[in-house]
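# Overview (structure and organization)
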Amino acid sequence: MSEKKTKRRDFLFTATTAVGAVGAAAVVWPMIDQMNPDASVKALASTEVDVSALTPGNTLTVLWRGKPVFIRRRTQEEIDEARKVKMEDLIHPEKDEDRAKNPEWLVMLGVCTHLGCVPLNDKGDYNGWFCPCHGSHYDTSGRIRKGPAPLNMEVPKYEFVNANTIKIG
Amino acid sequence: MSDHDYRPKSKVGQWFNDRLPLLTLANHLTDYPTPKNLNYWWTFGGILTFCLITQIITGLTLAMHYIAHADMAFESVEHIMRDVNYGWLIRYIHANGASMFFLAVYIHIFRSLFYGSYKAPREIIWIIGIIIYLLMMAAAFMGYVLPWGQMSFWGATVITNLFSAIPFVGEGIVTWLWGGYSVDNPTLTRFFTLHYLIPFLILGLVVLHIWALHVPGNNNPVGIDVKKPSKDTVPFHPYIVIKDGFALLMFMIVFAFFVFYAPNILGHADNYIEANPMVTPAHIVPEWYLLPFYAILRSVPDKLLGVVAMLSAILILAVLPWLDTSKIRSAVFRPLYKQFYWILVADVLILGYVGAMPAEGLYLLIARVATAYYFLHFLVILPVLGFKEKTLPVPLSITEPVLGGSTNLAAARNKESKIE
């Protein structure tokens with residue numbers, strides 16, 4: 001075989017492999033991406049909640065994107081307790097002022113950041129929430145204080161549409 | 001394989017076999033030379049094959065009545081229990097069959113650990129076995145989600161959330177697994193699909209597992225290489241077939257006890273409450289066969305490290321053939337290993353027990369000690385033991401200690417190496 005012919009073969013071989021690899025990737029991606037949230041799931045991105053009936057010291061739990069959201073109307077003691085905590089005592093330092101813009105209202109995903117259970121109200125060593133699954137304690141600002149959870153409970157995007165209605169998402 | 005020269009007796013058989021040598025395969029399986037000293041711990045391979053077939057048949061029939069939809073799954077399972085002819089029986093066999101499958105596989109694995117069946121030249125058999133075991137856990141977990149009860153839902157939530165521990169891409173992976181922002185209908189339908197698929201993957205791997213086994217042949221209680229065929233072997237049929245069949249009957253009595261007298265004792269009452277994403281059950285526990293790993297997960301106070309520890313506890317088994325440095329296979333001739341073996345058995349049972357208890361106080365302490373010991377056994381004790389241990393003399397053949405009256409007689413007569 002002449003040297004020229006071998007080079008021609010090499011080129012065909014490389015080109016075929018390259019086209020084949022790109023083609024395979026182009027087919028594999030839709031197969032993987034079909035498992036991501038579909039258009040109908042994404043469409044349920046926001047929900048409006050009427051909070052007029054909620055009195056201080058009580059929590060309303062609503063479902064948003066299949067997850068519970070805690071809306072807590074906090075008492076003055078709870079606010080004071082949350083605001084006097086020193087940052088160095090926190091596992092995931094976040095100021096209560098940043099978590100609850102309006103101190104009376106705490107809105108957060110009712111999902112433990114450990115493995116996704118729903119923590120219980122008014123329980124635990126810090127008068128906030130306690131996750132029964134693996135024993136994580138949260139304070140009155142929903143911040144992780146003790147246990148295996150690595151992060152504070154997540155504050156979703158929300159706004160007061162009017163005095164009585166919160167729009168989550 | 002020494003039986004390639006097999007030739008069927010009938011003309012039709014010869015004609016067929018020349019075109020597709022299935023009869024040669026059948027002949028290989030019947031004549032397959034088996035060590036004659038195999039004890040009843042060796043019957044669990046056959047029992048496991050029975051378990052797999054049972055799960056596939058009952059699973060197929062359940063799938064004819066089950067509806068994989070978040071709004072209808074729970075009701076369709078109740079429909080199977082109350083309306084479908086013998087639906088209760090089929091479902092109870094399937095649900096308890098999973099537990100029986102794991103009971104048998106744990107005995108099978110611990111038999112291998114005792115007699116050193118994972119060592120050269122059987123490493124590939126062992127690794128295929130570990131892959132089968134991983135697939136079994138995946139199938140069992142996803143199957144438990146399908147009735148869409150409280151334990152289904154929250155078990156699925158906790159286990160899929162394990163992936164969120166992966167740095168950077170974890171959250172994206174969890175959303176991808178769910179097909180949404182929480183465990184919901186898309187999760188249920190894909191779990192049903194995979195639960196249907198995995199048993200057939202296992203079936204394929206079982207064929208490879210047996211194929212790999214038939215290359216070196218079975219290990220045996222004495223753990224020495226056996227010449228095949230020889231005075232030390234018997235043909236698989238009828239000797240092993242009868243023995244396996246008898247053991248299978250005994251096993252089916254235990255199986256039937258659970259199905260007919262205690263069908264819910266291994267399950268959790270909370271799973272008869274329909275899934276509710278707003279309320280987590282007070283105490284989430286996985287099925288009994290996953291408890292030791294659950295205990296390891298919870299014993300580590302850090303999320304990522306807990307997940308890493310749990311996965312390592314399983315994956316460490318895959319490299320066991322290289323962690324165990326001892327040349328001697330059977331624990332019969334390893335006086336120290338035998339003791340550590342039983343400590344490991346106790347350790348795993350303790351982990352299983354604390355896995356079912358709340359993760360606090362003394363239970364947590366016990367779980368931590370037991371987890372540490374588990375890794376110590378595989379990473380330190382086994383490698384060191386291979387160099388330090390004084391092993392007992394091993395007989396030259398299975399027959400020798402019986403006929404030759406050698407000095408190894410006492411060791412070989414040990415209760416694990418009875419000769420039929």
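None of the values given here were measured: they were computed from a predicted structure.

Definitions and limits used
- Position numbers for residues count from 1 along each chain, tracking the sequence in the order it is written.
- Written order decides the labels, with chains lettered from A and ligands numbered from 1.
- With the structure being a predicted model, the display of local features is reserved for residues of pLDDT at least 70 and the display and counting of side-chain atom pairs for 80 or more, all residues being used for whole-chain, interface and lining totals.
- Water and hydrogen atoms play no part in the side-chain values, which are based on all heavy atoms of the structure.
- The helix and strand labels rest on DSSP assignments: H or I over at least four residues marks a helix, E over at least two residues marks a strand, and numbering proceeds from the N terminus.
- Between the two quantities, the radius of gyration covers C-alpha atoms and the globule rule is 2.2 Å times the number of residues to the power 0.38.
- For each residue, the accessible area found with a 1.4 Å probe, counting protein chains only, is set against the maximum for its type, and the residue is called buried under 20%, exposed over 50%, and partly exposed in between.
- Throughout, the Shrake-Rupley method with a 1.4 Å probe supplies accessible areas, and for residues the shown protein chains are the sole cover considered.
- In this tally, Lys and Arg are treated as positive and Asp and Glu as negative; His is ignored, and so are the chain termini.
- Charge positions come from single atoms, namely NZ of Lys, CZ of Arg, CG of Asp or CD of Glu.
- For two strands to be treated as a pair, DSSP must find at least two bridges joining them.
- Take the residue count of a helix, subtract one, and multiply by 1.5 Å to get its expected span.
- Simply put, an axis is a line fit to the C-alpha atoms, just over the touching stretch for a helix, and the angle between two N-to-C directions goes from 0 to 180 degrees.
- Contacts are assigned to residue pairs that have any heavy atoms within 4.5 Å of one another.
- Two parts lose some accessible area (1.4 Å probe) when they are put together, and adding that loss for both gives the buried area.
- Any Lys or Arg side-chain nitrogen found within 4 Å of a carboxyl oxygen on Asp or Glu counts as a salt bridge.
- Whenever a nitrogen or oxygen atom comes within 3.5 Å of another N or O atom, the pair is scored as a polar contact, on the condition that within protein one atom can donate a hydrogen and the other can accept it, and that pairs from neighbouring residues in sequence are kept only if both atoms are in side chains.
- Throughout, a disulfide means two cysteine sulfur atoms within 2.5 Å of one another.
- Note on aromatic contacts: the rings of Phe and Tyr and the six-membered ring of Trp form a pair at centre separations within 6.5 Å, being stacked when their planes are under 30 degrees apart, edge-to-face when over 60 apart, and tilted otherwise.
- Only lysine NZ and arginine CZ atoms are considered, and such an atom sits over a ring when it is within 6 Å of the ring centre and within 35 degrees of the ring normal.

## Some details on the overall build of chain B
A count of helices and strands for chain B gives 17 helices and two strands. Its C-alpha atoms give chain B a radius of gyration of 24 Å, within 12% of the compact-globule value 22 Å for 420 residues. Relative to its 420 residues, chain B shows a buried fraction of 53%. Per element, the accessible surface of chain B, about 20,300 Å² overall, is 72% carbon and sulfur. Within chain B, the 25 negative side-chain charges are centred at a point lying 13 Å from the centre of the 27 positive side-chain charges.

## Focus on the pairing of strand β3 (residues 67-73) of chain A
Residues and elements named next belong to chain A. Across the seven residues of β3, five count as buried, placing the element largely inside the fold. Sheet topology note: the strand β2 (residues 58-64)/β3 ladder contains seven bridges and is antiparallel. Counted as the bridge partner of T61 is F70 from β3. Hairpin remark: β2 followed by β3, antiparallel, with two residues in the connecting loop; positive phi at R65, about 55°. Bridge count for β3 against strand β4 (residues 105-109) is five bridges, and the pairing is antiparallel. Bridging across to β4, R72 finds its partner in L106.

## Things to note about helix α7 (residues 150-161) of chain B
Residues and elements named next belong to chain B. Taking 1.5 Å as the rise per residue, α7 with 12 residues should run 16 Å; its terminal C-alpha atoms sit 16 Å apart, in good agreement. Along α7, 11 of the 12 residues are buried, which leaves the element largely enclosed by surrounding structure. Turning to α7, its buried residues number three or more, namely Q150, M151, S152, F153, W154, G155, A156, T157, V158, T160 and N161.

## So, the sheet that holds strand β7 (residues 136-138) of chain A
All names here are of chain A. Here we have four strands laid out as an open sheet, ordered β5-β6-β7-β8, and antiparallel in their pairing. The open sheet terminates on both sides in strands that have one partner only, identified here as β5 (120-121) and β8 (144-146). Pairing of β5 with strand β6 (residues 129-131) involves two bridges; the strand directions are antiparallel. Paired with N121 across the two strands is W129, which belongs to β6.

## As for the sheet that holds β2 of chain A
Residue and element names in this part refer to chain A. If you walk across this open sheet you meet the three strands as β2-β3-β4, and the pairing is antiparallel. With one partner strand each, in any of the chains shown, β2 and β4 form the two edges of the open sheet. Neighbour-to-neighbour, the strand axes of the sheet open up by a mean angle of 20°, direction not taken into account.

## Notes on the interface of chain A and chain B
How big an interface is tends to be stated in terms of accessible area lost as the parts join. Facing 26 residues of chain A, the contacting portion of chain B comprises 25 residues. Roughly 2,300 Å² is buried in total at the junction of chain A and chain B, and carbon and sulfur atoms are behind 65% of that figure. On inspection of chain A and its partner chain B, the count reaches zero salt bridges. Connecting chain A to chain B are nine residue pairs in polar contact (both at pLDDT 80 or more). Only α2 (39-43), β2 and β3 of chain A provide two or more residues apiece to the side of chain A that touches chain B.

## Describing unusual backbone geometry
Residue and element names in this part refer to chain B. Looking along the chain, the bond that leaves A120 and enters P121 is cis, with omega of 5°. By the secondary structure assignment, P121 is in the loop between α5 (87-115) and α6 (123-145). For the peptide bond that leads from K228 to P229, omega is -20°, which places it in the cis range. Among the secondary structure elements, P229 is positioned in the loop between α9 (185-214) and β2 (233-235). A positive phi is found at Y86, a non-glycine position, where the angle reads about 60°. Looking at where Y86 falls in the secondary structure, it is placed in the loop between α4 (73-82) and α5. A positive phi angle, close to 65°, is found at F168, a residue other than glycine.

## A short note on the side chain of T113 of chain A
Topologically, T113 of chain A is positioned in the loop between β4 and β5. Using a relative accessible area of 17% as the deciding quantity, one classes T113 of chain A as buried. In this structure the side chain of T113 of chain A is engaged in a polar contact, spanning 2.6 Å, whose partner is the backbone oxygen of L151 of chain A. Beyond its immediate sequence surroundings of up to four residues, T113 of chain A is in contact with Y138, A149, P150, L151, N152 and M153 of chain A together with K303 of chain B.

## Topic: the state of the cysteines
All names here are of chain A. Going through the model one piece at a time under the given rule, you end up with one disulfide over all chains. A sulfur-sulfur separation of 2.1 Å characterises the disulfide bridge that pairs C117 with C133. The sign of the S-S torsion, about -100°, decides the handedness of the disulfide formed by C117 and C133: left-handed. You can see C117 sitting in the loop between β4 and β5 and its partner C133 sitting in the loop between β6 and β7, a full 16 residues away along the chain. Its relative accessible area of 4% is what places C133 among the buried residues.

## Topic: the packing of aromatic side chains
Residue and element names in this part refer to chain B. All chains considered together, the criterion is met by 32 aromatic pairs over all chains. Summarising the aromatic geometry, the rings of F141 and F191 are spaced 5.6 Å apart at their centres and angled 65° between planes, so their arrangement reads as edge-to-face. Within this pair, whereas F141 is found in helix α6, its partner F191 is found in helix α9, the two being separated by 50 residues in sequence. There is no split in this pair, since F141 and F191 are both buried. What links up through ring pairs into an aromatic cluster is the set W42, F110, F114, Y115, Y337, Y341 and W342. Taking the ring centre of W42 as reference, the NZ or CZ of R111 above it sits at 4.5 Å.

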